[in-house]
Amino acid sequence: MRAIEQAVDALRDGKLVIYPTDTHPALAADSLNPAAIAALCRLKGVNPDKHTLTLVCDSIATAAQYARIDNRAFQIVKRNSPGPFTFILPPATTLPKVYKGRKEVGVRIPDNDIARALAAELGHPLLSGSLGTSDPTELDHAVELMLVDGVKEYDVDVQSSTIVSLLDSANPEIVREGSLELQ
C-alpha cells in the first residue's frame, strides 16, 4: 500500500496526516517526535501539558508497551477492541520524555484497517487528535497528506468514540458516551 508508506514517511519527517478511523477522521503525528506532537497540539488548539494525549495502536500488544494494562483492564480492552473506544490508562514508564509526569494516556485501537496499518508500519503508536465534526478538507493546508477510506467517505455526522477511564480497572468509568456501549 503505497499511500500508507507515503503517510508513514511524512509522519517520520514530523509532518501531520489526516486519516480515517472508525469514528471521526483524525490528525496523526509521530507519537515519539516532540516537534510533531507540538504541531498537532497547536493545530488542535490544545495544551499538550494539560490535555490527555491519545495514542492509536495497531494491537493490544503495542498498547501494552505504552500504557500499563493490568489483567482487568486487558480483558476490557480485549472485549472492546478493535472498536470506537478510547481507554484512559496509566502511562508506561518506558514512554519518552514528552510523556513524563503524566498520570494518564489515552489508547485507541480503531476498527479501521488504515488506522491500524499506519501504526503498524510506523512501528509505534500514532499520536491522534479527532477532527470531530470539522471538515477535514479545511485543514489540507496544514497537513502533508490526507488518507481516505476507499470503502466509505468521511462522515462528520458519526458519533465520537466512547471514552472509558481504566485508571481504576476494578471500577471502569465512562467519561463520554459514544457510538457503542462498553462490553
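Definitions and cut-offs
Residues numbered from 1 in each chain as written. Predicted model: local features only at pLDDT ≥ 70, side-chain atom pairs only at ≥ 80, totals over all residues. Heavy atoms only, no water. Phe/Tyr/Trp six-rings, centres within 6.5 Å; stacked < 30°, edge-to-face > 60°. Buried < 20%, exposed > 50% of the residue type's maximum accessible area, 1.4 Å probe, protein only. Pairing = 2+ DSSP bridges. Helix = DSSP H or I, 4+ residues; strand = E, 2+ residues; numbered from the N terminus. Polar contact = N/O pair within 3.5 Å; in protein donor to acceptor, adjacent residues only side chain to side chain. Axes fitted to C-alpha atoms, helices over the stretch in contact; angles between N-to-C directions. Parallel < 35°, antiparallel > 145°, perpendicular 65-115°, else oblique. Left-handed = near helix turned anticlockwise from the far one by under 90°. Contact = heavy atoms within 4.5 Å. pLDDT = per-residue confidence, 0-100. Salt bridge = Lys/Arg side-chain N within 4 Å of Asp/Glu carboxyl O. Arc of directions from axis to C-beta.

1. Quick look at the packing of aromatic side chains
Phase 1: Scanning all chains against the criterion turns up one aromatic pair.
Phase 2: When the ring of phenylalanine 85 is compared with that of phenylalanine 87, the centres are 5.9 Å apart and the planes differ by 15°; the resulting orientation is stacked. One exposure class covers both phenylalanine 85 and phenylalanine 87, and it is buried.

2. As for the sheet that holds strand β4 (residues 85-89)
Phase 1: The strand order across the open sheet formed by nine strands is β7-β1-β2-β6-β3-β5-β4-β8-β9, and the pairing between neighbours is mixed. At either end of the open sheet lies a strand with only one pairing partner, and these are β7 (145-146) and β9 (173-176).

3. Digging into the pairing of strand β6 (residues 126-130)
Phase 1: The buried fraction of β6 amounts to four of the five residues, a majority that puts the element mostly inside the structure.
Phase 2: Sheet topology note: the strand β2 (residues 26-30)/β6 ladder contains five bridges and is antiparallel. Bridged to alanine 26 within β6 is serine 130.
Phase 3: Of the pairings in the sheet, the one linking strand β3 (residues 54-56) to β6 comprises three bridges and is antiparallel in character. In the strand pairing of β6, valine 56 is matched with leucine 126.

4. Some words on the environment of serine 165
Phase 1: Note on placement: serine 165 falls in strand β8 (residues 162-165).
Phase 2: A polar contact of 3.5 Å, which involves the side chain of serine 165, links it to the backbone nitrogen of leucine 167.

5. So, the packing of helix α1 (residues 2-12) against helix α5 (residues 113-122)
Phase 1: Where α1 meets α5, the closest approach of the two axes is 9 Å, and the angle between their N-to-C directions is 55°. Accordingly, the angle class assigned to the pair α1 and α5 is oblique. The hand of the α1/α5 crossing is right-handed. Taking contact as the criterion, the partners of Ile4, Glu5, Ala7, Val8, Leu11 and Arg12 in α1 are, on α5, Ile114, Ala117, Leu118, Glu121 and Leu122.

6. Points about the confidence of the model for the chain
Phase 1: Mean pLDDT for the chain: 91, with 96% of residues reaching 70 or above.
Phase 2: Within the chain, the element-level pLDDT minimum falls on β7, averaging 91, and the maximum on helix α4 (residues 71-80), averaging 98.

7. A word on the pattern of salt bridges
Phase 1: A complete count under the given rule lists four salt bridges for this structure.
Phase 2: As a salt-bridge pair, aspartate 113 and arginine 116 come within 2.8 Å of each other at their nearest N and O atoms. Placement of the pair is aspartate 113 and arginine 116 together in helix α5, with a separation of three residues, close to one helical turn.
Phase 3: Aspartate 113 sits in the exposed class, given a relative accessible area of 58%.

8. Topic: α4
Phase 1: By the burial criterion, the buried members of α4 are Ala73, Ile76, Val77 and Asn80. Down the axis of α4, the smallest arc covering the buried residues is 95°, so these residues share one side.
Phase 2: In the core, the buried residues of α4 are packed alongside α3 (60-66) and β4.
Phase 3: Its side-chain oxygen 3.2 Å from the backbone nitrogen of arginine 72, aspartate 70 forms the N-cap of α4.

9. Topic: the environment of valine 175
Phase 1: Along the polypeptide, valine 175 turns up in strand β9.
Phase 2: As a C-alpha pair, valine 175 and isoleucine 163 span twelve residues in sequence and 5.3 Å in three-dimensional space.
Phase 3: Valine 175 has contacts with Ile163 and Ser165, leaving out every residue within four places of it along the chain.

10. Some points on helix α2 (residues 34-44)
Phase 1: Ala36, Ile37, Ala39, Leu40 and Cys41 are the residues of α2 that are buried.
Phase 2: Its buried side turned inward, α2 meets β2 and β6.
Phase 3: The opening residue of α2 is asparagine 33, an N-cap whose side-chain oxygen sits 2.9 Å from the backbone nitrogen of alanine 35.
Phase 4: Directly beyond the C-terminal end of α2, a positive phi value near 75° is found at glycine 45.

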